[in-house]
Amino acid sequence: MTGRERVLKALAGEETDRLPVLSVNQTATYEQMEELNVYWPEANFRAQEMARLASGAQTILGFDAVRVPFCQTIEAEALGCPIKDGGRNNLPSPADYPYKPGDRPAMPEDYLQRGRIPELIRALKLLKEMVGDRALVIGGIIGPYSIAGSLIGATDLLRSSFKKPQLVEPFMEIGELAGRLLARELIKAGADAICIEDMMASLDMISPKIYRELVLPWQKKLLDELQDIPTIIHICGKLDDVIEDIAGLGVTAISVETKVDAPKAVEKLKKFGRHIPLIGGVDAAHTLFSGNIDKVKEEVRKAIDDGYNMIAPGCSIPPATPTACLRAMVDEVIGYSQ
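Cut-off values and rules
Residues numbered from 1 in each chain as written. Predicted model: local features only at pLDDT ≥ 70, side-chain atom pairs only at ≥ 80, totals over all residues. Heavy atoms only, no water. Helix = DSSP H or I, 4+ residues; strand = E, 2+ residues; numbered from the N terminus. Expected span 1.5 Å × (residues − 1). Buried < 20%, exposed > 50% of the residue type's maximum accessible area, 1.4 Å probe, protein only. 1 Å grid on protein atoms, 1.4 Å probe; cavity = no way out; pocket = protein on both sides within 12 Å on 5 of 7 lines; lining within 4 Å. Points joined across faces, edges and corners; volume = space filled by probe spheres on them. Phe/Tyr/Trp six-rings, centres within 6.5 Å; stacked < 30°, edge-to-face > 60°. Lys NZ or Arg CZ within 6 Å of the ring centre and 35° of its normal. Axes fitted to C-alpha atoms, helices over the stretch in contact; angles between N-to-C directions. Parallel < 35°, antiparallel > 145°, perpendicular 65-115°, else oblique. Left-handed = near helix turned anticlockwise from the far one by under 90°. Contact = heavy atoms within 4.5 Å. Nonpolar A, V, L, I, M, F, W, Y, C, P; charged D, E, K, R; others polar. Pairing = 2+ DSSP bridges. Salt bridge = Lys/Arg side-chain N within 4 Å of Asp/Glu carboxyl O. Core = buried A, V, L, I, M, F, W, Y, C linked by side-chain atoms within 4.5 Å.

Considerations on helix H15 (residues 323-337)
Here H15 is 15 residues long and its end C-alpha atoms lie 22 Å apart, about the 21 Å a rise of 1.5 Å per residue gives. For H15, the full list of buried residues reads Thr323, Cys325, Leu326, Ala328, Met329, Val330, Glu332 and Val333.

The structure is reproduced here in structure tokens:
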């Protein structure tokens, strides 16, 4: 069974030879960069380098899926957010915020030709050619609330969400449209699935009430437009209070951090009358980054026992994570399945 086939079957709730191992978030590491002789910042800005580095998730780590991009600034940059590149060790990040609450953001007519969007689309096409059917190809987009945060800044976003949510709505609208348009182009380019990362929607940042009233409607609008392809949503933090709300979005699968009570989440997801895979189980920072292979194996076994349907880091892989720890995830799943 190829990695692509394994993940597609797991997403559909069909039997597989073993659980898939993947990362729906950022996959690049410094060790992969050295082995492939391709580095940031070039791999964040040029299609060929982006695709080559992304392919390492399959060729070096043995994961069942690959994905582009690595950073979370593609849409924001195309919408007018100035970006600093991060150099060789870090990802691009906002250099400033082009709007403030109360402004009316505008969608550029040439949005899909702006910034790095053309390079990302080319990178996904190249990545698809590189991995063929050996791995599922994921196109990554950013959720509406997180795009809004890149346009007005996290502090103004959170303050306005609490006090004057109507000021955030125009940025949610443009964030949803930006994500949807990019997702459509990634699908045309060959993406097998779309992952929506909406990091700012974490319950570490906002209340369940704000999530349900301000964020959820725009996530739902986005997902309603992507029903013809498998979709995965990733939101950081302890999502126990809203896991059923997220499932109700109609998303194919949900990626979570290890803060979530997985056995309880699995039971809640069974109520929906359709298979909704839970993805995650291994702490990205405290376990993978720390280089503790024994702890990695222990968490993989626990994740399987807890009911995770796909084993993955609970969030983006820190770039200094050792390859040995990431490969240990795959090895332990294979060993545990025999």
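Looking at empty space enclosed by the protein
For the structure shown, the criterion picks out one cavity of 30 Å³ or more. In this structure, the largest cavity spans a volume of roughly 40 Å³. As for the largest cavity, its lining consists of Arg67, Pro69, Cys71, Ile74, Glu75, Leu120, Gly140, Ile141, Ile142, Leu182 and Glu197. Counting only elements with at least two residues in the lining of the largest cavity, the list comes to helix H5 (74-78) and strand E4 (136-142). The element that contributes the greatest number of residues to the lining of the largest cavity is E4, accounting for three residues.

Considering the packing of aromatic side chains
Under the criterion given, the structure shown has three aromatic pairs. Connected via pairs of aromatic rings, a cluster forms that spans Tyr30, Trp40 and Phe70. A cation over an aromatic ring shows up here: arginine 88 above the ring of tyrosine 39, its NZ or CZ 4.0 Å from the ring centre. When the ring centre of phenylalanine 45 is taken as reference, the NZ or CZ atom of arginine 116 above it lies at 4.8 Å.

Considering the packing of helix H14 (residues 293-306) against H15
Where H14 meets H15, the closest approach of the two axes is 9 Å, and the angle between their N-to-C directions is 45°. By the angle class used here, H14 and H15 are oblique. The way H14 lies across H15 gives a crossing that is right-handed. Contacts between H14 and H15 pair Ile293, Val296, Lys297, Val300, Arg301, Ile304 and Asp305 from the former with Ala324, Cys325, Ala328, Met329, Glu332, Val333 and Tyr336 from the latter. Class assignment of the residues belonging to the contact of H14 with H15 gives a composition of 10 nonpolar, no polar and four charged.

Describing the sheet that holds strand E7 (residues 253-255)
A sheet is described by the order of its strands in space; here seven strands give the open sequence E1-E4-E5-E6-E7-E8-E9, paired in parallel fashion. Only two strands of the sheet have a single partner each, and these edge strands are strand E1 (65-68) and strand E9 (310-313). Strand-to-strand twist in this sheet, taken as the mean axis angle between neighbours without regard to direction, amounts to 30°. By the bridge criterion, four bridges tie strand E8 (residues 278-282) to E9 in an arrangement that is parallel. The residue bridging glycine 281 from the neighbouring strand is alanine 312, located in E9. Lying over the sheet, H14 contacts E8 and E9, oriented at roughly 150° with respect to E8.

Regarding the pattern of salt bridges
Here the structure, examined in full by the defined rule, presents 28 salt bridges. In this structure, aspartate 228 and arginine 184 form a salt bridge, with 3.1 Å as the shortest nitrogen-oxygen distance. Linking aspartate 228 in the loop between helix H10 (208-224) and strand E6 (231-234) with arginine 184 in helix H9 (residues 169-189), this pair joins segments that are 44 residues apart in sequence. With a relative accessible area of 27%, arginine 184 lands in the partly exposed category. Here the residues in one salt-bridge network are Arg6, Asp17, Arg18 and Asp64, joined through shared partners.

Focus: the pairing of E1
The two faces of a sheet get side chains in turn, since along a regular strand they alternate between them. Of the two faces of E1, the one holding Ala65 and Arg67 and the one holding Val66 and Val68 are both buried throughout. Relative to E4, E1 runs parallel, the two being bridged by four bridges. In the strand pairing of E4, valine 66 is matched with valine 137.

What to know about the nonpolar core
Of all hydrophobic cores here, the largest spans 104 residues; its most connected members are Tyr145, Ile194, Tyr211, Ile254 and Met329. Examining the composition of this core, we find that nine residues originate from one element, H9, more than from any other. What methionine 329 contacts, discounting residues up to four positions off in sequence, is Val21, Phe63, Val282, Leu288, Val296, Val300, Ile311, Ala312 and Pro313. In terms of nonpolar packing, the next biggest core, distinct from the first, is built from 15 residues, Leu11, Ala65, Ile138 and Ile232 among them.

A few points about the environment of leucine 36
Residue placement: leucine 36 occurs in helix H2 (residues 30-36). Distance in space between the C-alpha atoms of leucine 36 and valine 330 is 20 Å, their sequence separation being 294 residues. Setting aside residues up to four positions removed in sequence, leucine 36 forms contacts with Arg52, Leu53, Gly56 and Ile60.

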